[in-house]
Amino acid sequence: MEEEQAPQCARDNVLRRSEVPDKSTPSVRGYTFEAAGGAGSVEVDYEQLMARMLTTGFQATALGRAIDEVNRMLAWRLSDDPPKEDDTEEQRDPAFRASVRCKIFLGFTSNLMSSGIRETLCFLAKHRLVDVIVTTAGGIEEDIIKCLAPTLLGDFALPGKDLRAKGLNRIGNLLVPNNNYCQFEDWVLPVLDRCLDEQKTQGVVWTPSKLIDRLGETINNEESVLYWAHKNGIPVFCPAITDGSLGDMLYFHSFKSPGLLVDLVQDVRRMDNEAVHAAPRRTGVIILGGGLPKHHICNANMMRNGADYAVYINTANEFDGSDSGARPDEAVSWGKIRVEASAVKVHCDATIAFPLLVAETFARHVQREQAKQKQEK
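Anyway, here's the lowdown on the structure attached to this text. Every value quoted in this text rests on a predicted model; they were computed, and no experiment measured them. Note that residues are indexed from 1 along each chain, following the sequence as it is written. In view of the model being predicted, local features appear only for residues whose pLDDT reaches at least 70, and side-chain atom pairs are presented and counted only at 80 or more, with totals across whole chains, interfaces and linings using the full set of residues. By convention in this description, side-chain values take in all heavy atoms of the structure and omit both hydrogens and water.

### What to know about the environment of V191
For step 1, the next point in the chain: Inspection of the secondary structure puts V191 in helix α10 (residues 178-202).
For step 2, the next point in the chain: Along the primary structure V191 and R214 are separated by 23 residues, whereas in three dimensions their C-alpha atoms are 8.2 Å apart.
For step 3, the next point in the chain: Setting aside its immediate chain neighbours within four residues, V191 contacts R214, L215 and T218. Working definition: helices are DSSP H or I runs of at least four residues, strands are E runs of at least two. Numbering for both runs from the N terminus. When checking whether two residues touch, look at their non-hydrogen atoms; a contact exists if any pair is within 4.5 Å.

Here you go:
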């Protein structure tokens, strides 16, 4: 009896021949835990573990690409680019070109200041690793409040009704006792009094960034992001400064001592100029979360035809048309990120991804700089 054959059409479709991939295409390969110490030995090499993210696939690969993108920001020097015809004499000087670095904009939402990411942000500000910061009102007040009283760990499932009765405010699985905001009021109202007095007697025109700088100066606490931003001359922008507890305090202060004015127009001009006048520097953006900080940074970079480098870390999707969920390619269409940029979005909770990214980028950069300084001594 003749052997029955599988239908040729089925074989043609199931066993279709592949095109030979380009030799430069990497193979998927994760970290092998037993490889470092030989057969049967387990000795974790964290540097290799992080290096293998790039070829692990899914969001691990996105994180690996984000690490590479930030390292490109840190490595770039003007000397990497050929001089332009309209460069000044100074800009043609090799020593000057070797000293010019990428200007880095950092944006983050307030929940990250409420979380333990505050310590990571503090590291960046302390070592002056970023040049411009944009956040929401909560990102300002929570930094100050944590200097006055701690935020506590809770649970996502704690009933709101019970928490309200106890005066506990929930941020995800974090808890902020309402007493913390009472302490914030006691601390910040005298600061606002002094600002109003300087406005009246010295003609000081307050802007959100000037007010934030004053808060960082006044808190005088090395655990504060705003303290280090003040000390290192890093401007912190918050165009929605009234949308939070700080806004509540400005509201209460307007009854107690009316007259304090905060000029938003001066700040949008200052923020946009941070991008417009960045040249001859390149610009890079690192944005944690979405919403206002994401758009404010990208919109400023649109004024210069886009950022040269970009990393987004958030969990929002693009299918509702929100700016929060928009991928970098949408920003390219607006001229907010340059066409030739290799921008990356990591679809991940920033409390997981960002410390790992900083460990493999900014922290290593600081270690290299410190080692270099020791050798020069």
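### Quick word on the sheet that holds strand β7 (residues 283-288)
Hydrogen bonds between backbone groups are what pair the strands of a sheet, and the pairing can be parallel or antiparallel.
For step 1, the next point in the chain: At least two DSSP bridges between two strands are needed for those strands to be called paired. If you walk across this open sheet you meet the 6 strands as β6-β2-β1-β7-β8-β9, and the pairing is parallel. A single partner strand is all that each edge strand has here, and the edge strands are β6 (236-237) and β9 (344-347).
For step 2, the next point in the chain: One ladder, built from 2 bridges, connects strand β2 (residues 132-135) with β6; its direction is parallel. Residue pairing in the sheet places I133 in a bridge with V236 of β6.
For step 3, the next point in the chain: With axes taken as lines fitted to C-alpha atoms, and helix axes fitted only over the stretch in contact, angles between N-to-C directions fall between 0 and 180 degrees. Sheet contacts for helix α3 (residues 58-75): β1 (103-108), β7, β8 (309-314) and β9; angle to β9, the most-contacted strand, approximately 140°.

### Points about empty space enclosed by the protein
For step 1, the next point in the chain: Site definitions follow a grid-based scheme: protein atoms alone, a 1 Å grid, a 1.4 Å probe that fits but cannot get out for cavities, and for pockets an open set with protein on both sides within 12 Å along at least five of seven lines, plus lining residues having an atom within 4 Å of a point. Grid points are joined across faces, edges and corners, and a volume is the space filled by probe spheres set on the points. Within this structure, the stated rule accounts for 1 cavity of 30 Å³ or more.
For step 2, the next point in the chain: Of the volumes computed, that of the largest cavity is approximately 60 Å³.
For step 3, the next point in the chain: If you trace the largest cavity, you find it lined by K294, C298, Y312, D323, A326, R327, E330, A331, W334 and K336.
For step 4, the next point in the chain: Taken together, the elements giving at least two residues each to the lining of the largest cavity come down to α15 (291-302) and α16 (328-334).
For step 5, the next point in the chain: It is α16 that provides the largest number of residues to the lining of the largest cavity, a total of 3 residues.
For step 6, the next point in the chain: By the convention adopted, Pro, Cys, Tyr, Trp, Phe, Met, Ile, Leu, Val and Ala count as nonpolar, Lys, Arg, Asp and Glu as charged, and the other residues, Gly among them, as polar. Considered class by class, the residues forming the lining of the largest cavity number 5 nonpolar, no polar and 5 charged.

### Points about the pattern of salt bridges
For step 1, the next point in the chain: Throughout this description, the term salt bridge denotes a Lys or Arg side-chain nitrogen within 4 Å of a carboxyl oxygen of Asp or Glu. Using the criterion set out here, one finds 14 salt bridges in the structure.
For step 2, the next point in the chain: R72 is the partner of E69 in a salt bridge, and the nearest nitrogen-oxygen pair spans 2.7 Å. Linking E69 with R72, this pair stays in helix α3, spanning 3 residues, or about one helical turn.
For step 3, the next point in the chain: Accessibility expressed as a relative area gives 0% for E69, which makes it buried.
For step 4, the next point in the chain: We note a salt bridge from E198 to R214, for which the minimum N-O separation is 2.9 Å. Here E198, found in helix α10, pairs with R214, found in helix α11 (residues 208-219); they are 16 residues apart in sequence, far enough to count as distant. Side by side, E198 and R214 carry an identical accessibility label, which is buried.
For step 5, the next point in the chain: Here the residues in one salt-bridge network are R118, E119 and D143, joined through shared partners. Whether a residue is buried, partly exposed or exposed follows from its accessible area with a 1.4 Å probe, protein chains only, as a fraction of its type maximum: under 20%, in between, or over 50%, in that order.

### Brief notes about the nonpolar core
For step 1, the next point in the chain: As used in this record, nonpolar core signifies buried Ala, Val, Leu, Ile, Met, Phe, Trp, Tyr and Cys residues forming a set joined through side-chain atoms within 4.5 Å. Counting residues in hydrophobic clusters, the biggest one holds 75 residues, and the most contacted among them are I286, I313, F354, L357 and F362.
For step 2, the next point in the chain: Looking at this core element by element, the count peaks at 9 residues for α10.
For step 3, the next point in the chain: Ignoring sequence-local partners within four residues, the contact set of F354 consists of L106, I117, T120, L121, L124, I286, L288 and I313.
For step 4, the next point in the chain: Grouped together as the second largest cluster of nonpolar side chains are 18 residues, I297, C298, A307 and I337 included.

### Quick word on a nonpolar patch on the surface
For step 1, the next point in the chain: A patch consists of residues whose relative accessible area exceeds 30% and which take part in no salt bridge; residues with like charges are grouped when within 9 Å of each other, and nonpolar side chains (Val, Leu, Ile, Met, Phe, Trp, Tyr) when within 5 Å. Surface accessibility follows the Shrake-Rupley procedure with a 1.4 Å probe radius. Residue values consider only the protein chains on display as shielding. On the surface, F33, V42, V44 and Y46 cluster together to form a nonpolar patch covering roughly 410 Å² of accessible area.
For step 2, the next point in the chain: By secondary structure assignment, the location of V44 is in the loop between α1 (8-14) and α2 (46-51).
For step 3, the next point in the chain: When its relative accessible area of 33% is taken as the criterion, V44 is described as partly exposed.

### Description of helix α17 (residues 350-360)
Given 3.6 residues per turn, any residue in an α-helix points the same way as the ones three and four places further on.
For step 1, the next point in the chain: By the burial criterion, the buried members of α17 are A350, A353, F354, L357, V358 and E360. Angular distribution of buried residues about the axis of α17 spans 165°; they occupy a single face of the element. What the arc describes is the spread of directions from the helix axis to the C-beta atoms.

### A closer look at the environment of F123
For step 1, the next point in the chain: Inspection of the secondary structure puts F123 in helix α7 (residues 117-126).
For step 2, the next point in the chain: On a C-alpha basis, the gap between F123 and F362 in space is 9.2 Å, while along the polypeptide they are 239 residues apart.
For step 3, the next point in the chain: Those residues in contact with F123 that sit more than four places away from it in its chain are L129, V358, F362, A363 and V366.

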